[in-house]
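For reference, the chains in residue letters:
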Amino acid sequence: MPGPRRSLASPVVSGVLCPCGSPRAGAATPASEAGGPGPCGRSLCGGPEHRRLHTLFQKLDVNRDGALCVHDLAVGLGQLGLHRTERDLWKIVKAGDKDLDGQLDFEEFVHYLQDHEKKLRLVFKSLDKKNDGRIDAQEIMQSLRDLGVKISEQQAEKILKSMDKNGTMTIDWNEWRDYHLLHPVENIPEIILYWKHSTIFDVGENLTVPDEFTVEERQTGMWWRHLVAGGGAGAVSRTCTAPLDRLKVLMQVHASRSNNMCIVGGFTHMIREGGPKSLWRGNGINVLKIAPESAIKFMAYEQIKRFIGTDQEMLGIHERLVAGSLAGVIAQSSIYPMEVLKTRMALRKTGQYSGMLDCAKNILSKEGMAAFYKGYIPNMLGIIPYAGIDLAVYETLKNTWLQRYAVNSADPGVFVLLACGTISSTCGQLASYPLALVRTRMQAQASVEGAPEVTMKGLFKHILQTEGAFGLYRGLAPNFMKVIPAVSISYVVYENLKMTLGVQSR
């Protein structure tokens, strides 16, 4: 929770976000529920709302140039009793600056405050367990306990006193809003808690940007329980969808215009060649690599966050993409030989290898250490489009839902979360699929007798010349068929493992 700051008393600021042309609302009907524009239908009009906002804007615009820069905000907010760090002020400007000129004009200022208050309202509602429009010490204690942090009643009362202006030892909506006015709230723990994505959903490719964890989750050790639950969910999910994954690998490597392998034909071929058990070839190593890859990726992500010089609870989307992609490269580089082994085990014929170790020894003796890094370059290049598209789509869907439907809580519910995870994963896979196919063919290439040495560029050219662009998407059907069951299974198992490990849900 934030430390004590000077309370806000200015009537200009206290009334700044009342609905346009309507009387000041109480705690039970805050301004945010008006949804933005006043009765006139526009954000800016000539009514009381316009006058209040304009008065506040003029108070903050200390150099009278019609725009708010960081210096204006620092001086103006200081005069109103709101003291912010320069970093916080830059966040405010960055969040509202639509035309990227480094300052906020009046309309940008209004839009920022409207979006900002909606986020504050979500947090207030989540803390207000009794739904009576007020937050008391017990509710603060309960909310922090849900986050894994135990505090005494005296500590909760101390937090209350920092925001309580009228001495009632409860905080109403107006006190909460005034205390946090013009303070960036990008890092709402509620949203981090409910919208975990990478940890929960496993579609067989661990290329997504890692999830953020709240400060409390990191301090109390809940983060590793989430990771363990996610790893267990991934193991079950991958095992259940392993037949489709093996079929995808076979189609990526062997399907062509002359060998048009279909889904039914592929399954029939696998069962005839090695029996029903052969459908799970390559799954063992695919499950084994979850633990080291997840652990390395998480640790690398946290270190990269420190390296880029931020101690924020949650990074911005661009910083997350950079940090997540670099962490993905480090994790994939560390376990890449296991990726090659997985492909070779999935493609093996009955009796070819006695197990994973025999396969590894065989590759090492016949092809050398370099064989364990076949397809490394297209695999690393594939991380950026996969992670970038997945993150962008998920964040877009998440923010759209929060803006349109989040009134009482940031909790999206199971079906919205599953739908967002499925859509973003599917888009990420679609964007990086040609690189994944080339990677798999390069990994398998040396296992084909007499096959010539190929490069990534040469393989792309060969596929386009012989099969056309469609050839870069061989195996896409079974790959997409496994997304919905994989996401659903991993979510159900994750939730159950989370309860078993003692991770409390709201």
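The structure contained in this document is the topic of the report that follows. (Residues numbered from 1 in each chain as written. Predicted model: local features only at pLDDT ≥ 70, side-chain atom pairs only at ≥ 80, totals over all residues. Heavy atoms only, no water.)

1. Comments concerning the overall build of the protein chain
Rules: Put simply, DSSP H or I for four residues or longer makes a helix, DSSP E for two residues or longer makes a strand, and each gets a number counted from the N terminus. Relative accessibility under 20% of the residue-type maximum defines a buried residue, over 50% an exposed one, and the middle range a partly exposed one, all with a 1.4 Å probe and only protein chains included. Should any heavy atoms of two residues lie within 4.5 Å, those residues are considered in contact. Residue-level accessible areas treat just the shown protein chains as cover; the underlying method is Shrake-Rupley with a 1.4 Å probe.
Along the protein chain, the regular secondary structure elements total 22 helices and 2 strands. Within the protein chain, the proportion of its 506 residues that are buried is 53%. Taking the contacts inside the protein chain whose residues are at least 6 apart along the sequence as the reference set, 73% of them involve residues at least 24 apart. Split by element, the accessible area of the protein chain, about 22,600 Å² in all, is 60% carbon and sulfur.

2. Points about the pattern of salt bridges
Condition: Here, a salt bridge means any Lys or Arg side-chain nitrogen found within 4 Å of an Asp or Glu carboxyl oxygen.
The final tally for this structure, using the stated rule, is 11 salt bridges. For the salt bridge of E367 with R344, the shortest nitrogen-to-oxygen distance reads 2.9 Å. With E367 in helix α17 (residues 356-367) and R344 in helix α16 (residues 317-347), the pair connects residues that are 23 residues apart, well separated along the chain. Overall, the relative accessible area of 2% leaves R344 in the buried class. One salt bridge in this structure joins E467 and R474, with 2.9 Å as the shortest N-O distance. For E467, a relative accessible area of 8% gives the class buried. Judged by relative accessible area, R474 falls into the buried class, the value being 7%. Through salt bridges with shared partners, a single network forms among D245, K248, K342 and K482.

3. Let's talk about unusual backbone geometry
Even without being glycine, R64 reaches a positive phi, approximately 55 degrees. Examined against the element boundaries, R64 turns out to sit in the loop between α2 (48-60) and α3 (70-79). With a phi angle near 55 degrees, L100 is a residue other than glycine that sits in the positive phi range. Mapped onto the secondary structure, L100 falls in the loop between α4 (86-96) and α5 (106-127). Given the relative accessible area of 73%, L100 is considered exposed.

4. Re the side chain of R348
Spelled out, the test is: Side-chain atoms alone can form a polar contact between residues adjacent in sequence; in general such a contact is a pair of N or O atoms within 3.5 Å, and within protein one must be able to donate a hydrogen while the other accepts it.
When you line up the elements, R348 lands in the loop between α16 and α17. A polar side-chain atom of R348 sits 3.0 Å from the main-chain carbonyl oxygen of M345. Leave out the neighbours within four places in its chain, and R348 touches R246, R281, G282 and Y353.

5. Some thoughts on the packing of aromatic side chains
This is how the line gets drawn: Classification of ring pairs rests on two measures: the distance between centres of Phe, Tyr or Trp rings, Trp counted by its six-membered ring, which must be within 6.5 Å, and the angle between planes, read as stacked under 30 degrees, edge-to-face over 60 and tilted in between.
The final tally for this structure, using the stated rule, is 6 aromatic pairs. One aromatic cluster is present, formed by F57, F106 and F109 through successive ring pairs.

6. Looking at the packing of helix α19 (residues 414-445) against helix α20 (residues 456-467)
Working note: a packed helix pair is described by the angle between its axes plus the distance between those axes. Quick reminder of the rule: Only the stretch in contact is used when a helix axis is fitted, and all axes are lines through C-alpha atoms; the angle between N-to-C directions ranges over 0 to 180 degrees. Orientation is classified from the angle alone, with under 35 degrees giving roughly parallel, over 145 giving roughly antiparallel, 65 to 115 giving roughly perpendicular, and any other angle giving oblique. Throughout this entry, Asp, Glu, Lys and Arg are counted as charged residues, while Ala, Val, Leu, Ile, Met, Phe, Trp, Tyr, Cys and Pro are counted as nonpolar. The remaining residues, Gly among them, count as polar.
Relative to each other, α19 and α20 sit at 110 degrees, their axes nearing to 10 Å. Taken together, the axes of α19 and α20 lie roughly perpendicular to each other. Within the contact between the two elements, α19 uses P434, L435, L437, V438, R441 and M442 and α20 uses M456, L459, F460, I463 and E467. Grouping the amino acids of the contact of α19 with α20 by side-chain chemistry returns 9 nonpolar, no polar and 2 charged.

7. Some points on helix α11 (residues 222-240)
Cut-off, in case you're wondering: Here, expected helix span is obtained from the residue count minus one, scaled by 1.5 Å.
With 19 residues, α11 should reach 27 Å at 1.5 Å per residue; the first-to-last C-alpha distance of 27 Å fits that figure. Inspection of α11 places M222, H226, A229, G230, G231, A233, G234, A235, S237 and R238 among the buried residues, and these make up the whole buried set.

8. Looking at α20
Under the convention used in this document: Working definition: the arc comes from the directions between the helix axis and the C-beta atoms, pointing outward to the latter.
Compared with the 16 Å implied by 1.5 Å per residue over 12 residues, the 16 Å span of α20 between its first and last C-alpha is a close match. Inspection of α20 places L459, F460, I463 and E467 among the buried residues, and these make up the whole buried set. For α20, the buried positions fall inside an angular range of 100 degrees around the axis, keeping them on one side. Exposed and facing more than 90 degrees away from the buried side of α20 are K457, K461 and Q465. At its buried positions, α20 is contacted by α19.

9. Here we look at the side chain of Q443
Here Q443 lies in helix α19. Beyond its immediate sequence surroundings of up to four residues, Q443 is in contact with Y336, E339, V340, T343, R344 and K374.

10. Thoughts on a nonpolar patch on the surface
Basically, it comes down to this: Patch membership requires more than 30% relative accessible area and the absence of a salt bridge. Residues of like charge join within 9 Å; the nonpolar side chains Val, Leu, Ile, Met, Phe, Trp and Tyr join within 5 Å.
Taken together, the side chains of L364, M369 and Y373 make up a nonpolar region of the molecular surface, amounting to roughly 300 Å² of accessible area. You can call L364 partly exposed: its relative accessible area is 45%.

11. As for the packing of α19 against helix α22 (residues 483-500)
So the rule is basically this: Crossings are sorted by hand: turned counterclockwise from the far helix by less than a right angle, the near helix makes the crossing left-handed, and turned clockwise it makes it right-handed.
For the pair α19 and α22, the least separation of the axes is 10 Å and the interaxial angle reads 135 degrees. It follows from the interaxial angle that α19 and α22 lie oblique. Handedness of the α19/α22 crossing: right-handed. Residues V414, L417, L418, T422, T426 and Q429 of α19 lie in contact with α22, whose contacting residues are V483, I484, V487, S488 and Y491.

12. Examining the environment of V70
Structurally, the position occupied by V70 is in helix α3. When its relative accessible area of 12% is taken as the criterion, V70 is described as buried. Expressed as a C-alpha distance, the spacing of V70 and L104, which sit 34 residues apart in the sequence, is 9.4 Å. For V70, the residues in contact, after removing those within four places along its chain, are E86, L89, W90 and V93.

13. What to know about the nonpolar core
Nonpolar side chains in soluble globular proteins tend to end up buried together. Our working definition: For this analysis, a nonpolar core means a set of buried residues of the types Ala, Val, Leu, Ile, Met, Phe, Trp, Tyr and Cys, connected via side-chain atoms within 4.5 Å.
Counting 18 residues, the largest nonpolar core has L60, L68, L73 and F109 as the members making the most contacts within it. Elements with a contribution of two residues or more to this core: α2, α3, α4 and α5. In terms of residues, this core owes the most to one element, α5, which gives 5 residues. By size, the runner-up hydrophobic cluster in this structure holds 14 residues, among which are F124, A137, L160 and W173.

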